[in-house]
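# Tertiary structure, described
Spelled out, the chains give:
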Amino acid sequence: MTSDNPLERYSRQMRVPGIGKAGQQRILASRVTLCGVGALGTVLANTLVRAGVGHLRVIDRDFVEPSNLQRQVLFDESDVTNNLPKAEAAAAKLRAINSSVQIEPVVADIDRTNIEELCRDADLILDGTDNFEVRYLINDVSVKLGKPWVYGGAVGTEGMTMTIVPGETPCLRCVFEASPGPGEVGTCETAGVLAPIVSIVASFQAAEALKLLAGKADAINRELFVLNVWENTSRRVKVAPLKGRKGQCPCCALRKFEWLEGEHGTQTTTLCGRNAVQVTQRRAAALDFAALAKQLSASGPVTANRFLLKFGVTDGEEPYEFTVFPDGRAIIKGTDDPDRARTLYAKYVGH
Ligand SMILES: [Zn+2]
């Protein structure tokens with residue numbers, strides 16, 4: 001894009017008194033790590049790239065499917081046809097939106113072995129995930145490295161958000177000490193999700209992000225904000241008194257980073273609403289797609305691009321669809337049983 005004044009495209013944003021030219025220059029020099037580029041993540045990435053963040057790292061483990069298109073605003077039908085990973089599909093759109101932003105797509109599952117590296121150089125971490133395990137990891141890293149993060153979640157027609165600035169506000173574990181057990185909260189499988197609540201929650205998160213990046217931390221939301229677009233309700237829960245939980249919060253008071261140091265990097269993860277299980281197998285070297293495709297071609301059609309390899313098998317009269325990534329990770333559709341998935345992985349992908 002040609003313009004004599006590179007700041008011209010941000011002129012309307014700079015007129016907002018809290019931003020100004022100085023705030024815009026801080027935004028342009030900022031680095032953000034976005035964990036998850038699905039429903040919340042696509043709205044967050046779209047807004048921040050248009051706003052002119054300097055560098056955006058987008059991390060996601062999944063690929064684009066037809067049921068994503070109802071709410072994941074950066075994707076379209078061609079991304080489904082081309083079997084693109086979400087991080088790569090998002091990066092292509094984001095580069096077309098604002099070529100002056102450095103976009104770094106990372107196709108990976110966020111776990112305790114990689115999250116510190118992915119967040120170390122960021123000024124801000126954003127939650128675009130759909131699971132509490134990653135949120136507790138983000139919370140641990142945020143407190144450990146002293147970097148702010150913005151929590152967001154949406155299920156059904158309800159969503160919530162909270163901004164965490166280590167040392168200033170309560171952390172996630174001060175407010176939610178343990179993750180909700182299975183069945184305690186709705187998932188997108190049981191409750192579905194309405195696109196507007198996603199946009200609203202992510203837009204609140206993006207506003208918080210812009211305040212923090214522009215150096216206006218005094219303007220952030222310091223409460224847990226809960227909204228329901230179907231019931232037309234909103235609640236603000238005062239969480240400030242929970243800060244440090246009387247010196248006993250394991251994370252921000254005792255600095256015990258249990259998620260980061262624990263054995264939570266599970267080998268299998270059942271994926272929300274997908275009848276699918278992810279199997280993670282750490283490998284020393286990238287998978288050889290050509291060799292694997294040759295080996296599998298006897299069982300049925302195999303398709304591959306440089307990001308992933310897909311194939312279908314019928315095993316015990318049940319159909320399964322495998323999506324395998326170069327790092328050895330696989331998403332197996334057709335079961336939500338981790339043991340079954342592990343067996344299928346060993347049988348078709350190998351050890
Ligand atoms: Zn805490």
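One structure accompanies this document, and this report is about it. (Residues numbered from 1 in each chain as written. Predicted model: local features only at pLDDT ≥ 70, side-chain atom pairs only at ≥ 80, totals over all residues. Heavy atoms only, no water.)

### Concerning the coordination of the zinc ion
- On the protein side, the zinc ion has Cys171 (SG), Cys174 (SG), Cys249 (SG) and Cys252 (SG) as donor atoms, found 2.2 to 2.3 Å from it.
- Counting residues between consecutive donors of the zinc ion along the chain gives the motif C-x2-C-x74-C-x2-C. Of this pair, Cys171 sits in the loop between strand 6 (158-164) and helix 8 (172-175) while Cys252 sits in the loop between strand 8 (233-238) and helix 11 (258-261), placing them 81 residues apart in sequence.
- Here Cys171 falls in the buried class, since its relative accessible area comes to 1%. (Donors = N, O, S within 2.8 Å, 3.2 Å for Na, K, Ca; no water. Helix = DSSP H or I, 4+ residues; strand = E, 2+ residues; numbered from the N terminus. Buried < 20%, exposed > 50% of the residue type's maximum accessible area, 1.4 Å probe, protein only.)

### Here we look at the sheet that holds strand 4 (residues 124-127)
- Ordered in space as 3-2-1-4-5-6-7-8, the 8 strands form an open sheet in which the pairing is mixed. Every interior strand has two partners, whereas the edge strands, strand 3 (102-107) and strand 8, have only one. The mean angle between the axes of side-by-side strands here comes to 15°, regardless of whether they run parallel or antiparallel.
- In this structure, strand 5 (residues 149-155) lies alongside strand 6, joined through 7 bridges in antiparallel fashion. Within strand 6, the position partnered with Val150 by the bridge is Thr163.
- With respect to the sheet, helix 5 (residues 86-97) is in contact with strand 2 (55-60) and strand 3, its orientation differing from that of strand 3 by roughly 170°. (Pairing = 2+ DSSP bridges. Axes fitted to C-alpha atoms, helices over the stretch in contact; angles between N-to-C directions. Contact = heavy atoms within 4.5 Å.)

### Quick word on the pairing of strand 10 (residues 276-279)
- Of the two faces of strand 10, both are covered, the one formed by Ala276 and Gln278 as well as the one formed by Val277 and Val279.
- By the bridge criterion, 4 bridges tie strand 9 (residues 268-271) to strand 10 in an arrangement that is antiparallel. Each residue of the ladder has a partner; that of Leu271, found in strand 10, is Ala276.
- As defined by bridge partners, strand 10 adjoins strand 14 (residues 330-333) across 4 bridges and the pair is classed as antiparallel. Looking at the pairing, Gln278 lines up with Ile331 of strand 14.

### Observations regarding the sheet that holds strand 12 (residues 309-315)
- Spatially, the 6 strands line up as an open sheet ordered 9-10-14-13-12-11, and their pairing is antiparallel. For this open sheet the edge positions go to strand 9 and strand 11 (302-304), each flanked by a neighbour on one side alone. Taking the axes of each pair of neighbouring strands and ignoring which way they run, one obtains an average angle of 20° across the sheet.
- Strands strand 11, strand 12 and strand 13 (318-324) of the sheet are contacted by helix 12 (residues 289-296), whose axis makes an angle of about 25° with strand 12.
- Along the sheet face, helix 13 (residues 338-348) touches strand 9, strand 10, strand 12, strand 13 and strand 14 and points at about 110° away from the line of strand 12.

### Remarks on the environment of Gly52
- Relative to the assigned elements, Gly52 resides in the loop between helix 3 (39-51) and strand 2.
- The exposure class assigned to Gly52 is buried, which follows from its relative accessible area of 1%.
- For Gly52 and Asn98, which are 46 residues apart along the polypeptide, the C-alpha to C-alpha distance reads 7.6 Å.
- Sequence-distant contacts of Gly52, defined by excluding residues within four places in its chain, comprise Tyr10, Ile27, Leu28, Asn98 and Val101.

### Let's talk about the nonpolar core
- Ranked by size, the top nonpolar core spans 47 residues in total, and within it Leu56, Leu94 and Leu126 carry the most contacts.
- For this core, the secondary-structure elements that each account for two or more residues are strand 1 (31-35), helix 3, strand 2, helix 5, strand 4, helix 10 (195-213) and strand 7 (223-228).
- The element best represented in this core is helix 10, accounting for 9 residues.
- The residues contacting Leu126, other than those within four sequence positions of it, are Val32, Thr33, Leu34, Cys35, Leu44, Leu48, Val150 and Ala209.
- Formed by 32 residues, the second largest nonpolar core is a distinct cluster that contains Cys35, Ile110, Ile138 and Val175. (Core = buried A, V, L, I, M, F, W, Y, C linked by side-chain atoms within 4.5 Å.)

### Some thoughts on the packing of helix 3 against helix 10
- Contact geometry for helix 3 and helix 10: axes closest at 8 Å, N-to-C directions at 40°. Judged on the interaxial angle alone, helix 10 and helix 3 are oblique. Our pair here, helix 3 against helix 10, has a crossing hand that is right-handed. Residues Ala39, Leu40, Val43, Leu44, Thr47, Leu48 and Ala51 of helix 3 touch helix 10, and the partners they reach there are Val198, Ser199, Val201, Ala202, Ser203, Gln205, Ala206, Ala209 and Leu210. (Parallel < 35°, antiparallel > 145°, perpendicular 65-115°, else oblique. Left-handed = near helix turned anticlockwise from the far one by under 90°.)

### Quick word on helix 10
- End to end, helix 10 covers 27 Å across 19 residues, agreeing with the expected 27 Å (1.5 Å per residue, within 8%).
- Turning to helix 10, its buried residues are Ile197, Val198, Val201, Ala202, Gln205, Ala206, Glu208, Ala209, Leu210, Leu212 and Leu213.
- Phi turns positive one or two residues past the end of helix 10, at Gly215, with a value near 85°. (Expected span 1.5 Å × (residues − 1).)

### Concerning the environment of Leu309
- With respect to the secondary-structure elements, Leu309 resides in strand 12.
- Relative accessible area serves as the criterion here: at 0%, Leu309 is assigned to the buried category.
- Along the chain, Leu309 and Ala290 lie 19 residues apart, while their C-alpha atoms are 9.5 Å from each other.
- Among residues more than four places away in sequence, those in contact with Leu309 are Phe289, Leu292, Ala293, Leu296, Val302, Thr303, Ala304, Phe322, Thr323 and Val324.

### Thoughts on the packing of aromatic side chains
- Applying the stated criterion across every chain, the model contains 9 aromatic pairs.
- Seen from their ring centres, Phe132 and Tyr136 are 5.9 Å apart, and the 40° between their planes marks the pair as tilted. Here the residue Phe132 and the residue Tyr136 both occupy positions in helix 7 (residues 132-145), the gap between them amounting to 4 residues, near one helical turn. In this structure, Phe132 and Tyr136 share a single accessibility class: buried.
- A centroid spacing of 6.2 Å and a plane angle of 65° characterise the contact between Tyr151 and Phe176, whose relative ring orientation is edge-to-face. Note that Tyr151 is positioned in strand 5 and Phe176 in the loop between helix 8 and helix 9 (188-191), a separation of 25 residues in sequence.
- Three or more aromatic residues joined by ring pairs form one cluster here, namely Phe132, Tyr136, Trp149, Tyr151, Phe176 and Trp259.
- In this structure, Arg236 packs its charged tip against the face of Phe225, placed 4.1 Å from the ring centre.
- The ring of Phe63 is capped by Arg274, whose NZ or CZ atom sits 5.8 Å from the centre of that ring. (Phe/Tyr/Trp six-rings, centres within 6.5 Å; stacked < 30°, edge-to-face > 60°. Lys NZ or Arg CZ within 6 Å of the ring centre and 35° of its normal.)

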